[in-house]
Amino acid sequence: MIPVILSGGNGSRLWPLSRQAYPKQFLPLVGEQSMLQETLCRLPVDDAESPVVVANDEHRFIVKEQLEAIGRKPLSILLEPFGRNTAPAVAMAAIEVARKDPKAIMLVLPADHAIEDVDAFQRAVAQGQDAARSGGLVLFGIAPTRPETGYGYIAAGQSGEAPGAARPVSRFIEKPDAEKAAALLSAGGYYWNSGMFMFRADSYLAELKKHSPDIYDTCLLAARSLERDMDFTRIPSEIFEHCPDDSIDYAVMEKTSKALLVPMDAGWSDVGSWSTIWDVTEKDENANAILGDACLEDSDNCLVHTSDKLVAMLGVKDLVVVDTKDALMVAHKDKVQDVKKLVKRLNGDQRSETRTHRQVYRPWGSYDSIDMGNRFQVKRISVKPGEKLSLQKHHHRAEHWIIVKGTAEVTRDEETFLLSENESTYIPIGAVHRLFNPGCIPLELIEVQSGAYLGEDDIERLDDRYGRAAPTPDVEEEQIPVMSERV
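Residues numbered from 1 in each chain as written. Predicted model: local features only at pLDDT ≥ 70, side-chain atom pairs only at ≥ 80, totals over all residues. Heavy atoms only, no water.

Asker: Which parts of the structure should I look at to understand the overall build of the protein chain?
Answerer: Secondary structure assignment for the protein chain yields 11 helices and 31 strands. Viewed in the frame of its principal axes, the protein chain has a C-alpha envelope of about 75 × 65 × 40 Å. Every one of the 487 residues in the protein chain was classed for burial, and the buried ones make up 51%. Summarising the internal contacts of the protein chain: among those between residues at least 6 apart in sequence, 69% fall at separations of at least 24. Of the roughly 22300 Å² of accessible surface on the protein chain, 48% is carried by carbon and sulfur atoms. Charge separation in the protein chain, taken as the distance between the mean sites of 55 positive and 76 negative side-chain charges, equals 2 Å. (Helix = DSSP H or I, 4+ residues; strand = E, 2+ residues; numbered from the N terminus. Buried < 20%, exposed > 50% of the residue type's maximum accessible area, 1.4 Å probe, protein only. Contact = heavy atoms within 4.5 Å. Areas by Shrake-Rupley, 256 points an atom, 1.4 Å probe, with all protein chains shown as cover. Lys, Arg positive; Asp, Glu negative; His and termini not counted. Charge placed at Lys NZ, Arg CZ, Asp CG, Glu CD.)

Asker: Can you help me understand the sheet that holds strand S19 (residues 328–332) in this one?
Answerer: Strand pairing in a sheet relies on backbone hydrogen bonds, with the paired strands running either antiparallel or parallel. In spatial order, the strands read S14-S16-S18-S19; together these 4 strands make up an open sheet with mixed pairing. The open sheet has two edge strands with one neighbour each: strand S14 (289–291) and S19. For this sheet, the mean angle separating the axes of adjacent strands, direction not counted, is 5°. Across 3 bridges, the pairing between S14 and strand S16 (residues 303–306) is parallel. The partner of Leu291 across the bridge, within S16, is His305. (Pairing = 2+ DSSP bridges. Axes fitted to C-alpha atoms, helices over the stretch in contact; angles between N-to-C directions.)

Asker: Which parts of the structure should I look at to understand the pairing of strand S1 (residues 2–7)?
Answerer: Two faces, one strand: in a regular strand the side chains alternate between the faces of the sheet. Burial analysis of S1 places 6 of its 6 residues in the buried class, which makes it a mostly covered element. What you see with S1 is no split at all: Ile2, Val4 and Leu6 on one side and Pro3, Ile5 and Ser7 on the other are buried throughout. Bridging between S1 and strand S4 (residues 105–110) involves 5 bridges; their strand directions are parallel. Bridge assignment links Pro3 to a residue of S4, and that residue is Leu107. Here S1 runs beside strand S2 (residues 52–56); their pairing, made up of 4 bridges, is parallel. Residue pairing in the sheet places Leu6 in a bridge with Val54 of S2.

Asker: Any chance you could explain the pattern of salt bridges here in plain terms?
Answerer: For side chains of opposite charge, pairing can occur when their charged atoms come near one another. Scanning the entire structure with this criterion turns up 28 salt bridges. Salt-bridge contacts for Arg146 lead to Glu148; the nearest nitrogen and oxygen are separated by 3.0 Å. Arg146 gets classed as partly exposed once you look at its relative accessible area, which sits at 33%. The residue Asp323 makes a salt bridge to Lys309 at a minimum N-O spacing of 3.1 Å. With Asp323 in strand S18 (residues 319–323) and Lys309 in the loop between S16 and strand S17 (311–314), the pair connects residues that are 14 residues apart, well separated along the chain. Given a relative accessible area of 39%, Lys309 falls into the partly exposed group. (Salt bridge = Lys/Arg side-chain N within 4 Å of Asp/Glu carboxyl O.)

Asker: So what exactly am I meant to see when it comes to the nonpolar core here?
Answerer: Generally speaking, a soluble globular protein has its nonpolar side chains buried in company with each other. In this structure, Phe140, Met198, Trp274 and Leu435 are the most contacted members of the largest nonpolar core, which totals 85 residues. Counting residues per element, this core draws most heavily on helix H4 (residues 118–133), at 6 residues. With near-sequence residues (within four places) excluded, Phe140 lies in contact with Leu107, Ala124, Val125, Trp192, Ser194, Met196, Phe197, Met198, Val262 and Met264. The next biggest cluster of nonpolar side chains, apart from the first, holds 48 residues, and it includes Leu6, Val52, Leu139 and Tyr216. (Core = buried A, V, L, I, M, F, W, Y, C linked by side-chain atoms within 4.5 Å.)

Asker: Help me out: how do you make sense of the packing of helix H3 (residues 86–100) against helix H6 (residues 201–211) in this one?
Answerer: Two quantities define a packed helix pair, namely the angle between the axes and the distance from one axis to the other. Look at H3 against H6: their axes get within 9 Å of each other, and the N-to-C directions meet at 135°. Considering their axes alone, H3 and H6 lie oblique with respect to each other. Relative to H6, H3 is oriented so that their crossing is left-handed. Taken together, the residues of H6 that come into contact with H3 (itself represented by Ala87, Val90, Ala91, Ala94, Ile95, Val97 and Ala98) are Ala201, Tyr204, Leu205 and Leu208. Classifying every residue of the contact of H3 with H6 gives 11 nonpolar, no polar and no charged. (Parallel < 35°, antiparallel > 145°, perpendicular 65-115°, else oblique. Left-handed = near helix turned anticlockwise from the far one by under 90°. Nonpolar A, V, L, I, M, F, W, Y, C, P; charged D, E, K, R; others polar.)

Asker: Would you explain H4 in this entry?
Answerer: Given a rise of 1.5 Å per residue, 16 residues ought to cover 22 Å, and the 23 Å separating the end C-alpha atoms of H4 matches this to within 8%. Those residues of H4 not exposed but buried are Ala120, Phe121, Ala124, Val125, Gly128, Gln129, Ala131 and Ala132. Backbone nitrogen of Asp119 and a side-chain oxygen of the N-cap are separated by 3.3 Å at the start of H4; the cap is Asp117. (Expected span 1.5 Å × (residues − 1). Polar contact = N/O pair within 3.5 Å; in protein donor to acceptor, adjacent residues only side chain to side chain.)

Asker: Please clarify how the confidence of the model for the protein chain should be interpreted in this entry.
Answerer: Regions with low pLDDT should not have their predicted coordinates read in detail. Here the protein chain averages 91 in pLDDT, while 95% of its residues score no lower than 70. A low-confidence stretch, residues 470–487 (pLDDT under 50), is modelled with 40 contacts involving residues beyond four sequence positions or located in other chains. (pLDDT = per-residue confidence, 0-100.)

Asker: Is there a simple way to think about the sheet that holds strand S20 (residues 359–362) in this case?
Answerer: Spatial ordering of the open sheet is given by S20-S21-S22-S29-S24-S27, a layout of 6 strands whose pairing is antiparallel. Unpaired on one side and paired on the other, S20 and strand S27 (424–427) mark the two borders of the sheet. Each adjacent strand pair in this sheet contributes to an overall mean axis angle of 20°, direction not counted. Sheet topology note: the strand S21 (residues 365–373)/strand S22 (residues 376–383) ladder contains 8 bridges and is antiparallel. The partner of Ser369 across the bridge, within S22, is Lys379.

Asker: Sorry if this is basic, but what is going on with the side chain of Thr256 here?
Answerer: Tracing the backbone shows Thr256 in the loop between helix H9 (248–253) and strand S12 (259–264). A distance of 2.6 Å separates polar atoms of two side chains, one belonging to Thr256 and the other to Glu207. For Thr256, the residues in contact, after removing those within four places along its chain, are Leu137, Glu207 and His211.

Asker: Sorry if this is basic, but what is going on with unusual backbone geometry here?
Answerer: When glycine is set aside, most residues are seen to have a negative phi, and most peptide bonds are trans. Across the junction of Trp15 and Pro16, the peptide omega takes the value 10°, indicating a cis bond. Here Pro16 lies in the loop between S1 and helix H1 (35–41). We note that Asn301 has phi near 60°; this positive angle belongs to a residue other than glycine. Its location among the elements puts Asn301 in the loop between strand S15 (294–297) and S16. You will see that Asp413, though not glycine, has its phi angle at about 55°, which is positive.

Right under this line is the structure:
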């Protein structure tokens, strides 16, 4: 069984914690690990092979780093140049898996779900394997616990076999209004559509070709032009941009006669909004869910998420308060589904807070802009052991580096030298420079920039071990040949 982890999306309803450059699936929202890592760690150890991870090109180094942190070597990290919904994403993964074994079973999992009972999850996965092996397209249905209007519903017949066995799907129901959701819950026999699937690679591709040939043909064409780029497999944008944008439900599952449902009772949640975070977080005696340093007095039914400062609340109820280094959001619990509207408005105002955090992550480490003014900026920079920044120069700014922890190897034009704690250096405008951490502990430094322009695009990269200045891929034909290697 090959896990296919869908790790695209921006999670805008979980702003300001989730940002375009560092969305919710990479955040530790419901545990100590990120949601992507939790998804991989709950897989059955004996049955699951190396995963295929489908991710946005912009997030490639985050995915790689988080997989390495939990010791998971992927079969492939497929990079989408832009999102085209789940049907094309799963198709590209199925073609990758089919190269290894067309009859291999794929377990398709979004990277942003929370599951409380891992044993129950693994039992449901085991139940689905026989049906998938026989050519069925299995989806996992969650027995509803409330009249939820945020999920789609599935009607399924009864199985003549043991409880939990796969049963035929009779129909799909769009997200209902409150009245209809209550009626479905009362009637019984309906399940929430979890968005988790299991099938053979060849079975999915055959049904996709039959019911959504435009997606199939475009993905097949794109698969003939995949290109290896370091640890990643790039999907060509010039082909993928012509692929229809459609979900696996609409493109295949609602049309196929091979859809089967396996019930799952594992404490499942689709972590899609702050109200869901409140649902899955431990609460105090006044039903307040507190994540971080907070003091609540005479307050009920609130959610507080804070990372670097005390949040104090007095005499309030039903509030969601999320505090980050550069943004504070206060919302009524009944309105958190509309955070997306807030993000859309901020995007219209071209606010950077929807795109990046103040602390920005790079493949070599991270930096935090701690102060900024007219013609200057101060950053706290952390470089991981053994990592180095690109060889680069700036046309509009000079930089002062002060080492506060670890050892730095500095290249500046023709010279290379070491700096230790409490030592500093100066990088003039136009100087070719590079920063390298040769040590075994993180390198921490303060960088003071000064100049007429301080934007991140004032970087001319001359050499980069992460391929960030690399050319774009190009194309080839039929039978899905071996991928080209970038030199």
